[in-house]
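Structural characterization, general
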2 protein chains.
Amino acid sequence: MKRKSKSPLSKLGEFGLIDRIQNRQAFASKSVVRGIGDDCAVYRTSPGRFQVITTDALVENVHFIRKSHPPELLGRKTLAVSLSDLAAMGAKPILAVLALGVPRTLDLKFLDRFFAGFHGMCREFSVELAGGDTVRSPKEFWVSLTLVGDVPAKRFFTRSGAKAGHVLMVTGTLGDSALGLKLLSGKTGTPPISQKEKSFLMQRHFDPEPRIDFSRKIAASSIRVSSMIDVSDGLVQDLGHLCHMSGKGADLDGAAVPRSKQFEKVIKNKNLDEFPLCFEGGEDYELLFTTPPEDVKKIITVAKKVGLPVSEIGKITRHPGRIRLLQENESPKHLKPTSGYNHFS
Amino acid sequence: MKRKSKSPLSKLGEFGLIDRIQNRQAFASKSVVRGIGDDCAVYRTSPGRFQVITTDALVENVHFIRKSHPPELLGRKTLAVSLSDLAAMGAKPILAVLALGVPRTLDLKFLDRFFAGFHGMCREFSVELAGGDTVRSPKEFWVSLTLVGDVPAKRFFTRSGAKAGHVLMVTGTLGDSALGLKLLSGKTGTPPISQKEKSFLMQRHFDPEPRIDFSRKIAASSIRVSSMIDVSDGLVQDLGHLCHMSGKGADLDGAAVPRSKQFEKVIKNKNLDEFPLCFEGGEDYELLFTTPPEDVKKIITVAKKVGLPVSEIGKITRHPGRIRLLQENESPKHLKPTSGYNHFS
């Protein structure tokens, strides 16, 4: 079938579609504190008690290639992407329900391996698979996971509280997953890279580690965090969401955006453009957040305790929607958050 | 592609697959009161407070044909099937999250009409669409809905409490949806039926009405209900689940199983076999439940108040797994619950 290059959906894109869904005359519940538009929805379960919920789907040939994605790691990632959403809220995961679209010809071994990975991740993060639905899918294998969490610290993080002058910070390193995916595609040319770097970058792509531990420790502390989001659509795109929801802008310090040694080595060896990978590449599953300058040191202390690097990568400004990249000896460059990945184009 | 008639999945079937998933070494949370195996999972949100959660997926060309299913009604049904699960627990719906698999070429008008129906149903049952994920699906349109509810009456129904001697009851009428689907297939031959009957049966298929109101009134009363399940896989299949989970058997009074006037007329006119439709046909979305004989009258009173018929259709027996159909002038016939629909065969 010929692909329509200008289908209405490809023009609209995922976020346009979400706006369209959201704009309809929908019912608003008194229990729901935050609905569509954050990493999780937040709702009151009894006075002063909150829970969060998030849902994520992964589709064969859209989000993963079944033949090249180890089934155990796909099982882990199914949970990891939603755990990362809970991390962005400071919530503690409790239970999940899973809908599976299963082609009739799917190998049972694939499913067994998928669930070995999935249940392993459940044990690691204390999540019970409490229910599900298994349906036939005519062609592609797909999963749709919903994760429910608790807010034991009675405070949760959102995308919308960033204040001008607050420091922009990020956990871990960015771009590894996107570079891993690029290597997987085989389109990176010569020279070959060492197995050590390749393994690291592949692992970052196939087996992201949700930052639950760090986030929950911050939530349980008195450290002020004015906004938080997980970096799943790429730094520029997700910073765009955060700024949009907060009605602010940001100046990014390009040199401070954290790259792994492995990332830097491969970029240099292969002479690749790092910007689309490190600034726009998706699936980092790191946490991007803002804090008053006085609390930066305390955050670094918590991060050290859980063995996770954090970096200061910029500042929130009072200019709504203006995201600038600052680099030495260059004039500030305006970045457009819409440059993130559009599944429908 | 040639269809394998004996693929491992088709032999295993949906319930075999669920058993396989469930049997793995999974994490069990202290918060979860009931996990996989009931209409909803139940979990504690604070001392004495419970919530329920359920997930259901509908896939194009498996659960519906996009061209023959009015998009508004598909939107309504997306929520209705999960609302029916909540009804089976006696829970009050609160919020939903929705994952959508959208083909690139899908008409935006289809989506708009789908959401007009979906949001209408949300308003009718006071459900907030609190979050979601919109992903591309290479070919089929699919939806995966997760619904969260509250247990305000502090009691919930399960499949597992039926006691020998308790009366088996069911709401509404059975078989209408399956007959509607059969008429839709066009394979019912002559003579034609009146538009009036056709409309009724089609509506029962396309636009089932979840029995939330009845169920919540029962939950809020002191009426004893020892077990409850919604009839989505067909009466015999779902009675089988209820008996299995309760460790009991049942004697069904064949003549007492409620048929609508419209159902009886079409069956008679077209000389159709009613058993596969009324006893084994899926998607009735009525409630099947058990109660001590002393409480039957009270249940009938509640049902009258909400304008919903209820029928006594048999008795629970002490014989685990034995389900018998009793009919006048015939010896009891043993029914096999596994005769329900298998998506993978």
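The next thing to look at is helix H10 (residues 296-305) of chain A. Residue and element names in this part refer to chain A. Regarding H10, the residues found buried are Val 296, Ile 299, Val 302 and Ala 303. Viewed along the axis of H10, the buried residues span an arc of 120°, placing them on a single side of the element. Opposite the packed face of H10, turned more than 90 degrees from it, sit the exposed residues Lys 297, Lys 304 and Lys 305. Buried residues along H10 sit in contact with strand S7 (167-171), helix H6 (212-220), strand S10 (286-291) and strand S11 (310-317). Among the residues trailing H10, Gly 307 stands out with phi positive, at a value near 70°.

Attention now goes to the interface of chain A and chain B. Taken residue by residue, the interface counts 74 residues in chain A and 75 residues in chain B. Carbon and sulfur atoms supply 65% of the area buried between chain A and chain B, which totals about 6800 Å² over both sides. When the buried area of chain A at its contact with chain B is split by residue, Phe 27, Arg 104 and Arg 136 of chain A rank highest and sum to 11% of it. Inspection of the region where chain A meets chain B yields 0 salt bridges. The tally of links between chain A and chain B comes to 11 residue pairs in polar contact (both at pLDDT 80 or more). Only helix H1 (8-23), strand S2 (41-46), strand S3 (49-59), strand S4 (92-102), helix H3 (108-124), strand S5 (128-136) and strand S6 (142-150) of chain A provide two or more residues apiece to the side of chain A that touches chain B. The element best represented in the side of chain A that touches chain B is S5 of chain A, accounting for 9 residues.

With that settled, consider the domain arrangement of chain A. All names here are of chain A. By domain assignment, chain A separates into domain 1 (8-152) and domain 2 (167-335). The C-alpha centroid of domain 2 is placed 23 Å from the C-alpha centroid of domain 1. At the junction of the two partners, domain 1 supplies 25 residues and domain 2 supplies 21 residues. Across the interface of domain 1 and domain 2, roughly 1900 Å² is buried in total on both sides, 60% from carbon and sulfur atoms. We note a salt bridge from Glu 283 to Lys 77, for which the minimum N-O separation is 3.4 Å. Counting across the interface, domain 1 meets domain 2 through 6 residue pairs in polar contact (both at pLDDT 80 or more). When contributions to the side of domain 1 that touches domain 2 are tallied by element, the ones reaching two or more residues are helix H2 (71-87) and S4. A per-element tally of the side of domain 1 that touches domain 2 places H2 first, with 10 residues. For the side of domain 1 that touches domain 2, the per-class residue count stands at 14 nonpolar, 5 polar and 6 charged.

Residues and elements named next belong to chain B. Relative to the helices and strands, Arg 211 resides in the loop between helix H5 (195-206) and helix H6 (212-220). At 2.8 Å, the side chain of Arg 211 and the side chain of Glu 286 are in polar contact. If we skip the residues at most four places from it in the chain, Arg 211 touches Ala 87, Thr 171, Gly 172, Arg 204, Tyr 285, Glu 286, Leu 287 and Leu 308.

Time to look at the confidence of the model for chain A. Should pLDDT be low for a region, the predicted coordinates there are not to be read in detail. All names here are of chain A. Across chain A, the average pLDDT comes to 91, with 94% of residues at 70 or higher. Every residue in residues 1-5 is under pLDDT 50, and counting partners more than four places away or in other chains gives 4 contacts. Prediction confidence for the complex, expressed as pTM and ipTM, is 0.93 and 0.92 respectively.

All names here are of chain A. The strand order across the open sheet formed by 7 strands is S8-S10-S7-S11-S9-S12-S13, and the pairing between neighbours is mixed. This sheet does not close on itself; its edge strands, each paired only once, are strand S8 (227-231) and strand S13 (333-335). For this sheet, the mean angle separating the axes of adjacent strands, direction not counted, is 30°. With 4 bridges joining them, S7 and S10 adopt antiparallel strand pairing. Paired with Val 167 across the two strands is Thr 291, which belongs to S10. Across the sheet, helix H7 (residues 235-246) lies against S7, S8, strand S9 (249-253), S10, S11, strand S12 (323-326) and S13, angled at about 155° from S8, the strand it touches most.

Reading guide: rules and limits
Residues numbered from 1 in each chain as written. Chains lettered and ligands numbered in written order. Predicted model: local features only at pLDDT ≥ 70, side-chain atom pairs only at ≥ 80, totals over all residues. Heavy atoms only, no water. Buried < 20%, exposed > 50% of the residue type's maximum accessible area, 1.4 Å probe, protein only. Helix = DSSP H or I, 4+ residues; strand = E, 2+ residues; numbered from the N terminus. Arc of directions from axis to C-beta. Contact = heavy atoms within 4.5 Å. Buried area = accessible area lost by both parts, 1.4 Å probe. Salt bridge = Lys/Arg side-chain N within 4 Å of Asp/Glu carboxyl O. Polar contact = N/O pair within 3.5 Å; in protein donor to acceptor, adjacent residues only side chain to side chain. Domains from an automatic or database assignment. Nonpolar A, V, L, I, M, F, W, Y, C, P; charged D, E, K, R; others polar. pLDDT = per-residue confidence, 0-100. Pairing = 2+ DSSP bridges. Axes fitted to C-alpha atoms, helices over the stretch in contact; angles between N-to-C directions.

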